Amino acid sequence: MMINLKVPSMVCNGCVTTVKDAIVTHEPNAIVDIDLDSKQVTVDTEASEASIKQVITAVGHTVE
Ligand SMILES: [Cu+2]
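Let me sum up the structure you'll find in this document. (Residues numbered from 1 in each chain as written. Predicted model: local features only at pLDDT ≥ 70, side-chain atom pairs only at ≥ 80, totals over all residues. Heavy atoms only, no water.)

In this section: the sheet that holds strand β1 (residues 2-6). Judged by pairing direction, the sheet is antiparallel, and its three strands sit side by side in the order β1-β3-β2 without closing on themselves. Each of the sheet's edge strands pairs with one partner strand only, and the pair in question is β1 and β2 (31-35). Sheet twist, expressed as the mean angle between neighbouring strand axes with direction ignored, is 15 degrees. The pairing of β1 with strand β3 (residues 40-44) spans five bridges and is classified as antiparallel. (Pairing = 2+ DSSP bridges. Helix = DSSP H or I, 4+ residues; strand = E, 2+ residues; numbered from the N terminus. Axes fitted to C-alpha atoms, helices over the stretch in contact; angles between N-to-C directions.)

Evaluation of the coordinates by the stated rule reveals one salt bridge. Measuring nitrogen to oxygen at the nearest pair gives 3.6 Å for the salt bridge that ties K53 to E49. Linking K53 with E49, this pair stays in helix α2 (residues 49-58), spanning four residues, or about one helical turn. Classification of K53 as partly exposed rests on a relative accessible area of 33%. (Salt bridge = Lys/Arg side-chain N within 4 Å of Asp/Glu carboxyl O. Buried < 20%, exposed > 50% of the residue type's maximum accessible area, 1.4 Å probe, protein only.)

In structure tokens form, the structure reads like this:
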């Protein structure tokens, strides 16, 4: 399933790495693509949208 989330709290490549690593740590099979300019996080995963949101907020980022 493809999940599309906007994470406006990402402001640099460090944030991108933080979010990406958090998702992959939680869901090793997830394919994560992040576009910093549009703040768009695309995740191809078996996990639910709610659990991915939770992972992102757990590392201090905000899902719109
Ligand atoms: Cu940053």
